[in-house]
Amino acid sequence: MRNYIFLFLERIFQKLRTTFLKVFYSQYFHQKEKNLKKNKFQKIKPYKKILIFIISLLFCLNSNFTNILSGQASLAKAVTTMKLPLSTRGAKIVDAKGNRVLLQGVNWFGMETETHAPHGLWKRDYKEMLAQIKTLGYNMIRLPYSVETLRLSEISGVDFTIGSNRELEGKTPIEIMDAVVEEAQRQGLLILLDSHRLNNKRIPELWYGDGYSEADWINTWLQLAQRYKNQTNVIGADLKNEPHGKASWGTNDLATDWRLAAERAGNAISKINPNWLIVVEGVESNVPGQKLAHHWQGGNLEGVLRYPVRLSQRNKLVYSPHEYGPGVYDMPYFSDEKFPQNLLHRWQIGFHYISSQNRAPILIGEFGGRLVDNEKEAIWFSKLIKYIKKKKLSFAVWSWNPNSEDTGGILLDDWKSVDIPKQQLISQLFRVKLPQMPAARATQAQKPQTQIQNTNPVMATATGLQLTTKIYSDWQTGFCTSLKIINNTNQSVQNWQLKFNMNQAKIKNSWNANFKEVKGTYTVTPLDWGKTIQPQKVRDVGFCARKLGSDYSPQQVKLQVLATN
């Protein structure tokens, strides 16, 4: 409703300006030209002439004022005037009227984890969260899920005492997705569904595995295609997040060729829901004749040149690389003497040739990073933003969530305040320049953060590792804890492990590590990708738990480095 008010006010000012100028011109200039003898304008007193000039100038040059009023209104126009469904034309995504559409989104993760719900709902009203996403200028949410989540019946990590979260109590994960989708539509936000994981633990190399078959993966997509067939703001399917490892492209190996699997899934979806965009990510390696030695998982689209995806509806295909900076992993090309100019060559070979040759649109489905304490990361981030703007690419920032270990989020750790420098950088991509947005105001008094008793804050000084622990969200029935392992040395550290006791609490979801419990003692071991902590880097793991009594805080937290063979 607020956006429509802005639109209404803008139209009033435009009409007033036009009317005033017409009257002013006809009364004082037109008459002067037609009847110099009367010379009405010259008869006006000097101070009135100055006043008329100033008013005219203000009406003619009121763009700053109307832009302030219409900033959010123009954003609303982008969605409200967009005629769905979307399709493609050459390198462009277009609406049903043929107008170009740029998808400018964020990733809001959590439904692919053990919470079975978007993260942060232990702290915020989900409707308030969506409204903040819209206010900052984004028009789309890439919403990750797992096949396992959508088969389950319970959720966790939601404080049902907060505002509209009361509506979510008793809902299943798929019903939580329904609620987010429906509220997003009310807010004027598009949704791109993302098959992020099969189980809730990790991102698999292939589209099957971890106890699930290809049929499980495709059937889940078919169920979603049918469920949201009439939900117009659900615009498409990002078929599989970050194929990597054994995943190949153009090899014709039915067991590993991701391109062939994408065709099977995409064509099956289109039979049920022909309106959806079919979004296909790249692989990591295993592309015949690829030119670049290093790619991000899901970022290698070199194979499209010789082996394009063949869909029954060719005007629904969008290719989607993922791109990250040295804060996620310090690729060799970040140390090249030609950095950052060498990035332009990489991006052109890796994915942008697809749109520059007018083959299909590009949506950078994930990119993100931190802008502090890493000059190289900031240079990479700024370079990519300029590239996206110049090439007019669609995108989805990773992530909205602050609890993304390697990248941080648009939100800060309180789940309310905005990372202003990062958001200002990203805002360069929006057609409408918004004024600097203040941090969102809390709808209720914030609860104090509780520090966990840490029995060994600096463990084994020879290793140089430091452990910090903190309960950063605490509500009536649950809490969330962050555990940060900091490597203060100049050497990498491997095979770290945490242990702690927790009496009256039960972990419901965790991230970035394996949590195993035996009689109240938890052992935390890193995932394969997290075993090594590089010099001056932080490994951030955590969990949310359900309270079973008043003695719920983790105790006797210990960090150790295991011996290696």
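Look above for the structure.
Residues numbered from 1 in each chain as written. Predicted model: local features only at pLDDT ≥ 70, side-chain atom pairs only at ≥ 80, totals over all residues. Heavy atoms only, no water.

K.L.:
Explain the packing of aromatic side chains here, please?
P.N.:
Between two aromatic rings, the relevant description is the distance of the centres plus the angle of the planes. A complete count under the given rule lists 20 aromatic pairs for this structure. The interplanar angle of 40° and the centroid separation of 5.8 Å between the aromatic rings of tryptophan 207 and tryptophan 258 together place this pair among those described as tilted. Of this pair, tryptophan 207 sits in the loop between strand E6 (190–197) and helix H7 (214–227) while tryptophan 258 sits in helix H8 (residues 258–272); the two residues are 51 residues apart in sequence, bridging distant segments of the chain. For the residue pair tryptophan 207 and tryptophan 258, the accessibility class agrees, reading buried in each case. Taking the centre distance of 6.2 Å and the plane angle of 85° together, the rings of tryptophan 221 and tryptophan 276 count as edge-to-face. Taken together, the positions of tryptophan 221 in helix H7 and tryptophan 276 in the loop between H8 and strand E8 (277–281) put the pair 55 residues apart, joining distant regions of the chain. Each member of the pair, tryptophan 221 as well as tryptophan 276, is classed as buried. An aromatic cluster is built from Tyr138, Phe367, Trp380, Phe381, Phe395 and Phe430, whose rings are joined through pairwise contacts. (Phe/Tyr/Trp six-rings, centres within 6.5 Å; stacked < 30°, edge-to-face > 60°. Helix = DSSP H or I, 4+ residues; strand = E, 2+ residues; numbered from the N terminus. Buried < 20%, exposed > 50% of the residue type's maximum accessible area, 1.4 Å probe, protein only.)

K.L.:
Would you explain the pattern of salt bridges in this entry?
P.N.:
Side chains that differ in sign of charge can pair as their charged atoms come close. The final tally for this structure, using the stated rule, is 14 salt bridges. Taking the shortest distance from any N to any O, the salt bridge between arginine 202 and aspartate 210 comes out at 2.8 Å. For aspartate 210, a relative accessible area of 26% gives the class partly exposed. A salt bridge links glutamate 214 to arginine 264; the shortest N-O distance between them is 2.9 Å. Note that glutamate 214 is positioned in helix H7 and arginine 264 in helix H8, a separation of 50 residues in sequence. Overall, the relative accessible area of 22% leaves glutamate 214 in the partly exposed class. Among the residues examined, arginine 264 registers a relative accessible area of 29% and is labelled partly exposed. (Salt bridge = Lys/Arg side-chain N within 4 Å of Asp/Glu carboxyl O.)

K.L.:
Which parts of the structure should I look at to understand the environment of aspartate 238?
P.N.:
Along the chain, aspartate 238 turns up in strand E7 (residues 234–238). By relative accessible area, aspartate 238 is classed as buried at 0%. Residues aspartate 238 and aspartate 194, spaced 44 residues apart in sequence, show a C-alpha to C-alpha distance of 4.7 Å. Those residues in contact with aspartate 238 that sit more than four places away from it in its chain are Arg142, Leu192, Leu193, Asp194, Ser195, Trp221, Val279 and Glu281. (Contact = heavy atoms within 4.5 Å.)

K.L.:
What exactly am I supposed to notice about the environment of proline 118 here?
P.N.:
With respect to the secondary-structure elements, proline 118 resides in the loop between strand E4 (104–107) and helix H5 (126–135). Each C-alpha atom, one on proline 118 and one on tyrosine 145, is 9.1 Å from the other, the two residues being 27 residues apart in sequence. Each residue touching proline 118, except ones within four places of it in the same chain, is listed here: Trp108, Phe109, Gly110, Met111, Ile176 and Val180.

K.L.:
Whenever I open this one, the side chain of serine 156 confuses me. Can you help?
P.N.:
Residue position: serine 156 is located in the loop between strand E5 (140–146) and helix H6 (173–187). Residue classification places serine 156 among the buried residues on the basis of a relative accessible area of 10%. Every residue in contact with serine 156, bar those within four places of it in the chain, is listed here: Glu114, Thr115, Ala117, Lys508 and Asn509.

K.L.:
Explain H7 to me, please; I cannot follow it from the model alone.
P.N.:
Spacing of three or four residues puts side chains on the same side of an α-helix, whose turn is 3.6 residues. For H7, built from 14 residues, the straight-helix expectation of 20 Å at 1.5 Å per residue is met to within 8% by its first-to-last C-alpha distance of 20 Å. Listing the buried residues of H7 in full gives Asp216, Trp217, Ile218, Thr220, Trp221, Leu224 and Ala225. Elements in contact with the buried residues of H7: E5, H6, E6, E7 and H8. (Expected span 1.5 Å × (residues − 1).)

K.L.:
What is the right way to look at the packing of H5 against H6 in this model?
P.N.:
Packed helices, taken two at a time, are described by the angle their axes make and the gap between the axes. Relative to each other, H5 and H6 sit at 45°, their axes nearing to 10 Å. Taken together, the axes of H5 and H6 lie oblique to each other. The way H5 lies across H6 gives a crossing that is right-handed. Residues Tyr126, Lys127, Leu130, Ala131 and Lys134 of H5 form the contact with H6, whose own contacting residues are Ala179, Val180, Glu183, Ala184, Arg186 and Gln187. Across the contact of H5 with H6, the residue classes tally to 6 nonpolar, 1 polar and 4 charged. (Axes fitted to C-alpha atoms, helices over the stretch in contact; angles between N-to-C directions. Parallel < 35°, antiparallel > 145°, perpendicular 65-115°, else oblique. Left-handed = near helix turned anticlockwise from the far one by under 90°. Nonpolar A, V, L, I, M, F, W, Y, C, P; charged D, E, K, R; others polar.)

K.L.:
Hey, could you run me through unusual backbone geometry in this one?
P.N.:
It is generally the case that most residues other than glycine have a negative phi and that most peptide bonds are trans. Residue phenylalanine 339 is joined to proline 340 through a cis peptide bond whose omega torsion reads 10°. Looking at the element boundaries, proline 340 is found in the loop between strand E9 (317–320) and helix H9 (342–356). The linkage connecting tryptophan 398 with the following residue, serine 399, adopts the cis geometry, with an omega of 5°. Relative to the elements of secondary structure, serine 399 occurs in the loop between strand E11 (394–397) and helix H11 (420–426). Of note, the phi angle at histidine 116 is positive, near 60°, even though the residue is not glycine. Turning to its location among the elements, histidine 116 is positioned in the loop between E4 and H5. Under the relative-accessibility criterion, histidine 116 is labelled buried at 12%. Located in the positive-phi region is asparagine 252, a residue other than glycine, with phi close to 65°. Structurally, asparagine 252 can be placed in the loop between E7 and H8.

K.L.:
Can you help me understand the sheet that holds E7 in this one?
P.N.:
Ordered in space as E9-E8-E7-E6-E5-E4-E11-E10, the 8 strands form an open sheet in which the pairing is parallel. Every other strand in the sheet has two partners, leaving E9 and strand E10 (363–364) as the edge strands with one partner each. Sheet topology note: the E4/E5 ladder contains 3 bridges and is parallel. Along E5, the bridge assignment pairs asparagine 107 with arginine 142. (Pairing = 2+ DSSP bridges.)

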